[in-house]
Amino acid sequence: MAQSSDALWGGRFSGATADAMAALSKSTHFDWRLAKYDLRGTAAHVKALNAAGYLNDDELGVIQKAIKELTKRVEGGSFKPKPEEEDVHAALERGLIEIAGSDVGGKVRTGRSRNDQIATLIRMFMSDAADALEEQILGYIEALSGKAEEYMGAAMAGRTHFQHAQPVLLSHHLAAHAWPQVRNLQRLEDFRKRLNKSPYGSAALAGNTLGLDSGAIAEELGFAATTENSMDATSARDLVAEFTFIISLVAIDLSRLSEEVIAWATVEFGYVQLDDGFATGSSIMPQKKNPDIAELARGKTGRIIGNLAGLLATLKALPLSYNRDLQEDKEPMFDSFDQLMLVMPAMTGMISTLTFNKSRMEDMASAGFSLATDIAEWLVRQGVTFREAHEISGKLVSFCEENGLELHEPSDEQYREVSIHLKPEVRKVLSVSSAIEGRNGAGGTSSKQVIEQLVQLRKLVGKAKK
Ligand code: ARG
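Residues numbered from 1 in each chain as written. Predicted model: local features only at pLDDT ≥ 70, side-chain atom pairs only at ≥ 80, totals over all residues. Heavy atoms only, no water.

**Here's the deal with the overall build of the protein**
Heads up, the rule is: Each helix corresponds to a stretch of at least 4 residues labelled H or I by DSSP, and each strand to a stretch of at least 2 residues labelled E; elements are numbered beginning at the N terminus. The reference for a compact globule is 2.2 Å times residues^0.38; the radius of gyration itself is calculated from the C-alpha atoms. Three labels apply to residues, based on accessible area from a 1.4 Å probe with only protein chains included: buried if under 20% of the type maximum, exposed if over 50%, partly exposed otherwise in between. Whether two residues are in contact is decided by their heavy atoms, any of which lying within 4.5 Å being enough. To measure how exposed things are, a 1.4 Å probe is used in the Shrake-Rupley method; for residues, cover is taken only from the protein chains shown.
For the protein, the helix and strand inventory stands at 19 helices and six strands. Whereas a compact globule of 466 residues would reach a radius of gyration of roughly 23 Å, the protein reaches 31 Å, over 25% beyond that. Buried residues in the protein amount to 48% of all 466 residues. Sequence-distant contacts, at least 24 apart, represent 75% of the contacts inside the protein between residues at least 6 apart. With the model as given, the accessible surface of the protein reaches about 22500 Å², and the carbon-plus-sulfur share is 53%.

**Things to note about the site of the ligand**
Note the following rule: Residues are labelled near a given molecule or strand when at least one of their non-hydrogen atoms is within 4 Å of it. Distance and chemistry together define a polar contact, namely a pair of N or O atoms within 3.5 Å, with one atom able to donate a hydrogen and the other to accept it when in protein, and with adjacent residues in sequence counting only for side-chain atoms on both sides. In this classification, the charged set is Asp, Glu, Lys and Arg, the nonpolar set is Ala, Val, Leu, Ile, Met, Phe, Trp, Tyr, Cys and Pro, and all remaining amino acids, among them Gly, are polar.
Around the ligand, the neighbouring residues are Ser27, Asp87, Arg114, Asn115, Ile118, Tyr322, Gln327 and Lys330. Between the ligand and the protein, one listed contact pairs a nitrogen atom with a side-chain N or O atom of asparagine 115 at 2.9 Å. Taking glutamine 327, its side chain carries an N or O atom lying 2.8 Å from a nitrogen atom of the ligand. Protein chains shield 87% of the accessible area of the ligand, which is 340 Å² for the free molecule. It is helix H7 (residues 114–150) that contributes the most residues to the shell around the ligand, three residues altogether. When grouped by side-chain class, the residues that make up the shell around the ligand number two nonpolar, three polar and three charged.

**Topic: the pairing of strand E2 (residues 163–169)**
The side chains of a regular strand alternate, first on one face of the sheet and then on the other. What counts, and what does not: Paired strands are those between which DSSP finds at least two bridges.
Relative to E2, strand E1 (residues 155–160) runs antiparallel, the two sharing six bridges. Bridge assignment links threonine 160 to a residue of E2, and that residue is glutamine 163. Counting the residues in the hairpin turn of E1 and E2 gives two residues, including histidine 161, whose phi is positive at 55 degrees.

**What about the packing of helix H3 (residues 35–51) against helix H5 (residues 88–100)?**
To keep things clear, this is the line we draw: Orientation is described by axes fitted as lines to C-alpha atoms, over the contacting stretch for helices, and by angles from 0 to 180 degrees between their N-to-C directions. Any angle that falls under 35 degrees is termed roughly parallel, while one over 145 is termed roughly antiparallel, one within 65 to 115 roughly perpendicular, and all others oblique. Take the far helix as your reference; a near helix turned counterclockwise from it by less than a right angle gives a left-handed crossing, and one turned clockwise gives a right-handed crossing.
Running from amino to carboxyl end, H3 crosses H5 at an angle of 60 degrees, the nearest separation of the two axes being 10 Å. In terms of orientation, H3 and H5 fall into the oblique class. Every pair of crossing elements has a handedness; the one defined by H3 and H5 is right-handed. Between H3, through Ala35, Asp38, Leu39 and Thr42, and H5, the contact on the second element is made entirely by Val88, His89, Leu92 and Leu96. Of the residues assigned to the contact of H3 with H5, the class counts are five nonpolar, two polar and one charged.

**Looking at the environment of valine 74**
The residue valine 74 is located in helix H4 (residues 57–76) in this model. Here the alpha-carbon distance between valine 74 and lysine 36, two residues 38 residues apart in the chain, equals 7.8 Å.

**Some details on the side chain of asparagine 50**
As for its placement among the helices and strands, asparagine 50 is situated in helix H3. Here leucine 55 takes part through its backbone oxygen, which lies 2.8 Å from a polar atom of the side chain of asparagine 50. Sequence-distant contacts of asparagine 50, that is, excluding residues within four places in its chain, are made with Leu55, Asn56, Asp57 and Leu60.

**Points about unusual backbone geometry**
Negative phi is the rule for most residues except glycine; trans is the rule for most peptide bonds. Residues leucine 320 and serine 321 are joined by a peptide bond in cis, for which omega reads 0 degrees. One non-glycine residue with positive phi stands out, namely phenylalanine 162, at about 65 degrees. On the secondary structure map, phenylalanine 162 appears in the loop between E1 and E2.

**Looking at the nonpolar core**
How we decide: We define the nonpolar core as a collection of buried residues of types Ala, Val, Leu, Ile, Met, Phe, Trp, Tyr and Cys that are connected through side-chain atoms lying within 4.5 Å of one another.
In this structure, Phe125, Met126, Phe243, Trp264, Leu340, Met347 and Phe356 are the most contacted members of the largest nonpolar core, which totals 84 residues. Among the elements that take part in this core, H7 stands out by supplying 16 residues, more than any other. Excluding residues within four positions of it along the chain, leucine 340 makes contact with Leu133, Ile247, Val250, Ala251, Leu254, Ile304 and Pro345. By size, the runner-up hydrophobic cluster in this structure holds 22 residues, among which are Ala376, Val397, Phe399 and Leu422.

See the structure below:
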């Protein structure tokens, strides 16, 4: 049997905790990473205790020194939770008592609960995690826009249904992967507004009777305000879910680009060469160069989505207010964050070192009759209704398909046989560059529009980095 004498809740118990109970309950193996936040919370809390008269100035001095010392020991790794300790809070209280003595150390817990502590710590953690994630997203956007600038002017086949659709600039395609990440940055910014409130002082659920100034604690910890409702503050985990969701969205777009890179790197496509540093080989097939980064990004996205789904399921039937189920919020969120932080630098490195085979991509840009829409739109400009123009262009595609020709190859005579509206001048729209440059509306694929969006991306990244 494990001992309960050192637990934070031993008083009303005379029997020892069963080993199975302790093993299930224990969270130090994942919540220890919150230790520095717990210590900062305690430092703010003891000031409030002093202001309210529960710690005199001498005691405050003793405890503040102890917090400093313990912080050093935790950072240096010489202080660790004991195997029998339940959570980060229990271990750190023991540490403070070891250093400050139990007379002073024993007062620290006054007026707070692990429920408001953990709710505060998790917000502090996510605030730092959001900083780290933002930095990675910015680096990734820079890698995409850097590649887009490097390959400005290169054409490729744009696809829908994964079939050739219309020619586009490669830079347009790469930038299309940057914008979802810009929106993720905006999501993080918005998330911070909700995150930026301190639950400290909510205690177990209803607040505390000691008149502690939770506003001062919030300020000390760098929060903009205190939470509005102590029951909500200690029992809601929507913010943990929201952060895990944003992580999922970041991962999902990485996974979509990964899928493309995997296809582009095949012999059939021949669009890209992976840099040696960002690919792996095969232990049996000497010729292989594998896109493992893209595959792992795609694979880990499944796991990240699973973490979110699991967390939402944990939350769905919980009555107010705190329930121990809520301890299950941390591992999925930590895991999603940690996995993404492994994936992002590798993806950024892979993208910024990709070499594109411009001529292969250019050759394929007009394959699959991808200029058929340009014929239809040329006919519209000649006064034909789009309905008829679509029909004529479709007929020409089918004629060319039967005769093994490209759209510009039939004779003037053959054009006329397909439709009297098909004049030889139509050939001037049948080039990849005219198809690209013609699409010059806002957000279109013309060089002018693409350069414009790359400038916008640069500006956004520059502003975000300040
Ligand atoms: N370890 C708990 C959690 O992660 C925090 C402590 C609250 N525990 C309790 N028995 N009230 O949610």
